[in-house]
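As a plain string of letters, each chain reads:
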Amino acid sequence: MTRAERVSRNLNRALHALFAADERAWLLGEDVADPYGGAFKVTQGLSTAYPDRVLSTPLSENGITGVAGGLALCGDTVIVEIMFGDFAGLAFDPILNLITKSVAMYGERTPMRVVIRCPVGGGRGYGATHSQSPQKHFIGIPHLALYELSPLHDAADVLAAALRRDEPAMLFEDKILYTQRRYVDGRVDDRLAFESRGADGNWARVHDPDATGAPTLVIAPGGVANRAIAAATRAAERGRTVEVLVPARLYPVDVDGLRDLLAGAHGVIVAEESTAGGTWGSEVAARLHAEAWSLLRGPVELVSSADRVIPSAPHLEQAVLLGTDAILDRIMRLPAAPVATGDRGERTDTAPADPAGVSPGVPGAVPVPRTDPSPVDPPPSAPTTAAQAGVPVDVPRLNPNDDSYVLLEWLVADGATVEAGEPVAAVETSKAIEELAASQAGVLRQDVAAGADCAPGAPIGQILPESAVPASVDTPGSPAAAYPEQLEAVGTRTATPGRPLPPAQRRIADVVSTSHREIPVAFTAVRVDVTAALAYARRAADQTGATVGLTEVVIAAVAALHERFGALYARLTGDGLVVDAEAPSIGLTVDVGTGLFLPVIRDAAGLDLGDLADAVVALRMKALRGRLREEDMAGMNFLVALNDTPGVTVARPIIPPGVTCALSVPDVHREVVLDGDGGVRERTVADLGLAYDHRLVNGAQAGAYLAALGEVLQR
C-alpha cells in the first residue's frame, strides 16, 4: 500500500498547486506567513514562494473577510484562513451580507471565488472557545457552499470543486485530522475498502467487500468519519454490517450516488460533532425524507455531541464530544433485521398506521412499526432456581502481575436481555480497562457489585436462558423484579461513612506499593540543555506534519541508546535471572484525569520521528477515550514518565514492576549562563531524572547513561 501523506500536507500541497496555477490567488489570515505558517502549519512555504500574495493580517476576522470580498469583486481568487473556526462568528456579517449576496445583487451574476478555511472540532483540550464545530450556523445562506476535509478526499479535488462554482465556500477542517495520514489505494485497512461516488466524487463509501446482509449506513463528515469507521469495526464484531458514507460537500446536500445504497440499507444514522438542534444532520434527514422516503426503512436517526460547553479537561471533554461509543450505541439500538422490500426497494410493510411511528412533517409518511412493548405486554419472569443456573460471566486472566482486578462498571442493567458477544462489564487491571462479553444470549444476572474486587477466574454474574426467568409483578427489567430476595438482603446493610477510593487510584496505589516494597530504587538527575532538541522537534514537525515535541525527541533518544546501555532495559525475573531486551519498547505515562496509564511504543528504535509521534498521539487518544487494552501496555522495558506540569523542575518517577529504569521529563525552563568567551546567553533546560533498580544498575552506569542522553539531545 502506498505510504499516504498527512492531511495537513495534502492541504498544503493543494494550496501550493492553486497558487502555481492561478496568478490572481490570494491567501489572507493571521500568522499565515513563514516561518510560522499558520497555527496548524497548513500554509507553510506559501509566503516564501508567493510573498506578494500571502499576507499575514491583523487580528480581525471581520476585516479579513471583508477585504476578501473586495478582492473577489475585482475578479481575484481568495483563500481566507480563520485561525480557529470558533471565530467565524466574527466574520458572519461580511459572509452573510457582502460575499454571498454579491453573487446576485448587482443585476448580473458576479463570480465570487472565496474559500474561507476554518479549523474546527475538539479532542485537543483547547477549551470552550477553541473547540467548537459551528458548521450548522452557516447552513441555508444563499450562494454559500459548505465543505469539510476528510482523510478520504484529496484536498486539491475539494478546493477545485469549491472554486468551480464561482460562489463563496467555507472549508471546515477538523483539527484532529491534521497529523493523521490519508487513506489511499482504495483501502482503509485490511478489512475495509473505500470508493468514491456521486458528482465530483463527493461521497466516499467505506465498506467491507466481504460483508453480507443489509447494512446500517452511517453518514459522518470530516473528523467524525474515523470515529464512525471505528464504530463500524466494533459493530462488525457483534454481527452487524455497517457502511460509512463521508461527504466532501456538506451543503447543499447532494443525495445523488446514494440511492442504490439507501435501497439496500435497513437504517440510516447521521453523526456529527456539533450540538443538536438546527444541524447539518437534520438537513440531511430532511433531504433524504423528501427525496428518498420510499427507500428508507424508518426515520433517519441523528447523533451529536452533548448540549454543553466544551471543557478543557480531557476526561470531561471526552464526556461532552461525540465519540465512537455513542455512534456504536446508536448502531446497536437499531433492529438487527431489515424490513422486507419489494423488487425496486419500496417499502412493503403493511402495519396499520400508528401516530407514534409517523415521521412528523413528511407528507404521506409510511408509519414505522412499533418495537417498544405495550403497557399490557406480559412482564418478564421471576428469578431462576439454582437448578436453572445459566452460563457464568467469568473474569479471565488479563494481567499476570495482578492477583485481583476491579469490576469498574456493569455495561448492561441487571435483568436485561443481552446478545452473544455483547459487552456486559468493564474490568480494570493495573494497566488497562477490559470489556467482558456475554458468551451467549440470555438475561444478565449481576452477582458482584460494581466497584468490588474480583479475582481472575471468578464468576461475577450469569447469563440465564430467557425461558428460565419467570414472570414478576414488579417493573419489567428492574433488579427488584428479577431477584427480590437478593435485594431484600442487600437492603438491610448499613452504609459505611465516607467515600470509597476510586478504582483507578486503587490500582495506582497497588503498583506504587509493590514498587516500593520490591525494588531498591536509586535516583540521579542532571540538567540538560534542550534548546537544540526543541529546535529539532520544530523542524521535524514542519517536515513530517506530525505533532513532534520534546517528549517525542526524548523517546527517540532513549530508544537509540538501547544498544549502548542494554542493562538499563533488562528485567529481573523472580528467580534472580537477568533477561536482556531484544529491542527497546518504551512506555510513557498518560494521565487522563481519572487515572494514570502506561501505554507502550514497541520497537521504538525502528520508527522514524514522524511515525513515533503518530504512535504517541494514537496511544494518548486511546487512553483519553478509554480504549486502551492489555496489548497496548504489554512488553515495556523502559519508562518515560512525563512530569511536565508547568513549574515542575525535578520529579522522581516510580519504577513499575518488571522495569529497571524510569526517566522523568519535567517542565522546561530558561536560564542565563556564561559562554566560553565570558559572554551571557540564554538557554532552555530540563532536569532529567533517572530512577533505577540498584540490583541491575549502579550509579556510574546511571550517570554515564544520562550524560549520553544529554549529548544526543544537544546535537
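Whatever comes next refers back to the structure up there.
What comes next concerns the included structure. Computed from a prediction, not measured in an experiment: that's the story for all the values here.

## Overview of the overall build of the chain
Looking only at helices and strands, the chain features 18 helices and 32 strands. Across the 715 residues that make up the chain, the buried fraction comes to 49%. Taking the intrachain contacts of the chain between residues at least 6 apart in sequence as the baseline, contacts between residues at least 24 apart amount to 72%. Carbon and sulfur atoms make up 54% of the accessible area of the chain, which amounts to about 31300 Å² in all.

## A look at the sheet that holds strand β18 (residues 433-437)
On the basis of which strands lie adjacent, the open sheet formed by four strands has the order β18-β17-β15-β20 and antiparallel pairing. The sheet is open, and its two borders are formed by β18 and β20 (453-454), each paired with just one other strand.

## Concerning the packing of helix α3 (residues 61-73) against helix α4 (residues 92-99)
Axis separation between α3 and α4 bottoms out at 8 Å; the angle between their running directions is 20°. Considered as vectors, α3 and α4 are oriented roughly parallel to each other. Of the two elements, α3 crosses α4, and the hand of that crossing is right-handed. Of α4, the residues touching α3 (which contributes Asn62, Thr65, Gly66 and Gly69) are Asp93, Pro94, Ile95, Leu98 and Ile99.

## Considerations on the pattern of salt bridges
Once the charged atoms of two side chains with opposite charge are near each other, the side chains can pair. Under the criterion given, the structure shown has 34 salt bridges. With a closest N to O distance of 3.1 Å, Arg445 and Asp447 form a salt bridge. The partly exposed category is assigned to Asp447, whose relative accessible area is 39%. Residue Asp632 pairs with Lys622 through a salt bridge whose shortest N-O separation is 2.9 Å. Residue Asp632 is found in helix α17 (residues 630-633), and its partner Lys622 is found in helix α16 (residues 609-624); the two are separated by ten residues along the sequence. Judged by its relative accessible area of 29%, Lys622 falls in the partly exposed class. One connected set of salt bridges, linked through shared partners, spans Glu195, Arg197, Arg205, Glu243 and Asp260.

## Side note on the nonpolar core
Counting 90 residues, the largest nonpolar core has Val558, Tyr569, Phe638, Leu663 and Leu690 as the members making the most contacts within it. Beyond its immediate stretch of four places on either side in the chain, Leu690 contacts Ala522, Phe523, Thr524, Leu568, Phe638, Cys661, Ala662, Leu663, Ala702, Tyr705 and Leu706. If you look at the next biggest cluster of nonpolar residues, it comprises 48 residues, including Ile64, Leu71, Ala91 and Val255.

## Description of the side chain of Ser150
Locating Ser150 in the fold gives a position in the loop between β5 (145-148) and α5 (155-164). Among the residues examined, Ser150 registers a relative accessible area of 1% and is labelled buried. In terms of polar contacts, Ser150 uses its side chain to reach the side chain of His153, at 2.8 Å. Non-local contacts of Ser150, meaning those with residues more than four positions away in its chain, are made with Leu177, Gly222 and Val246.

## Regarding helix α10 (residues 324-333)
Buried residues of α10: Thr324, Ile327, Leu328, Arg330, Ile331 and Met332, and no others. Looking at the buried positions of α10, the neighbouring elements they touch are β9 (216-219), α6 (224-237), β10 (242-247), β12 (267-275) and β13 (301-305).

## Some details on the environment of Gly647
The topology assignment puts Gly647 in the loop between β29 (638-643) and β30 (661-666). Gly647 sits 22 residues away from His669 along the chain, and the two C-alpha atoms are 8.1 Å apart.

## Section: unusual backbone geometry
The omega torsion across Asp34 and Pro35 is 5°, close enough to zero to call that bond cis. Within the secondary structure, Pro35 sits in the loop between β1 (25-29) and α2 (46-49). With an omega dihedral of -5°, the bond running from Tyr251 to Pro252 counts as a cis peptide bond. Of note, the phi angle at His143 is positive, near 70°, even though the residue is not glycine. Along the chain, His143 falls in the loop between β4 (114-120) and β5. Take His143: its relative accessible area is 29%, and that puts it in the partly exposed class.

## Notes on the packing of aromatic side chains
Within a pair of aromatic rings, the relevant descriptors are the distance that separates the centres and the angle that separates the planes. Going through the model one piece at a time under the given rule, you end up with eleven aromatic pairs. Both rings, one in Phe40 and one in Phe84, keep their centres 5.5 Å apart while their planes meet at 75°; by these two values the pair is edge-to-face. Within this pair, whereas Phe40 is found in the loop between β1 and α2, its partner Phe84 is found in the loop between β3 (77-81) and α4, the two being separated by 44 residues in sequence. The same class applies to Phe40 as to Phe84, namely buried. With a centroid separation of 5.2 Å and 85° between ring planes, the pair formed by Phe565 and Tyr705 is classed as edge-to-face. With a gap of 140 residues between them, Phe565 in the loop between α15 (550-560) and β23 (571-572) and Tyr705 in helix α18 (residues 699-713) connect regions that are remote in the sequence. Tyr705 shares its class with Phe565; the two are buried. Members of the aromatic cluster, joined through ring pairs, are Phe40, Phe84, Phe87, Tyr126 and Tyr178.

Cut-off values and rules
Each chain has its residues counted from 1, following the order in which its sequence is written. Local features in this predicted model are restricted to residues whose pLDDT is 70 or higher, and side-chain atom pairs enter the listing and the counts only when it is 80 or higher, whereas totals over whole chains, interfaces and linings include all residues. Hydrogens and water are ignored here; the side-chain numbers use all heavy atoms of the structure. Strands are runs of DSSP state E lasting at least two residues, helices are runs of H or I lasting at least four, and both sets are numbered from the N terminus onward. Buried means the residue's accessible area, taken with a 1.4 Å probe over protein chains only, is under 20% of the maximum for its type, while exposed means over 50%, and partly exposed covers the values in between. Note on contacts: a residue pair is in contact if any heavy atoms of the two residues lie within 4.5 Å. Here the open area of atoms and residues is found with the Shrake-Rupley method and a 1.4 Å probe, where only the protein chains shown may cover a residue. Whether two strands pair depends on DSSP finding at least two bridges between them. Axes, fitted as lines to C-alpha atoms, cover a helix only where it is in contact. Angles between the N-to-C directions of the axes lie from 0 to 180 degrees. Angular relationships are summarised with four words: roughly parallel below 35 degrees, roughly antiparallel beyond 145, roughly perpendicular across 65 to 115, and oblique for the angles in between. Left-handed is the label given to a crossing in which the near helix is rotated counterclockwise from the far helix by less than a right angle, and right-handed is the label when the rotation is clockwise. When a carboxyl oxygen of Asp or Glu lies within 4 Å of a side-chain nitrogen of Lys or Arg, that pair is called a salt bridge. What is meant by a nonpolar core is a set of buried Ala, Val, Leu, Ile, Met, Phe, Trp, Tyr and Cys residues, joined one to another through side-chain atoms within 4.5 Å. We define a polar contact as two N or O atoms separated by no more than 3.5 Å, with the added condition that, inside protein, one atom must be a possible hydrogen donor and the other a possible acceptor, whereas residues neighbouring each other in sequence contribute only through side-chain atom pairs. Each Phe, Tyr or Trp ring, with Trp reduced to its six-membered ring, pairs with another whose centre is within 6.5 Å; inter-plane angles below 30 degrees give stacked pairs, above 60 give edge-to-face pairs, and intermediate values give tilted ones.

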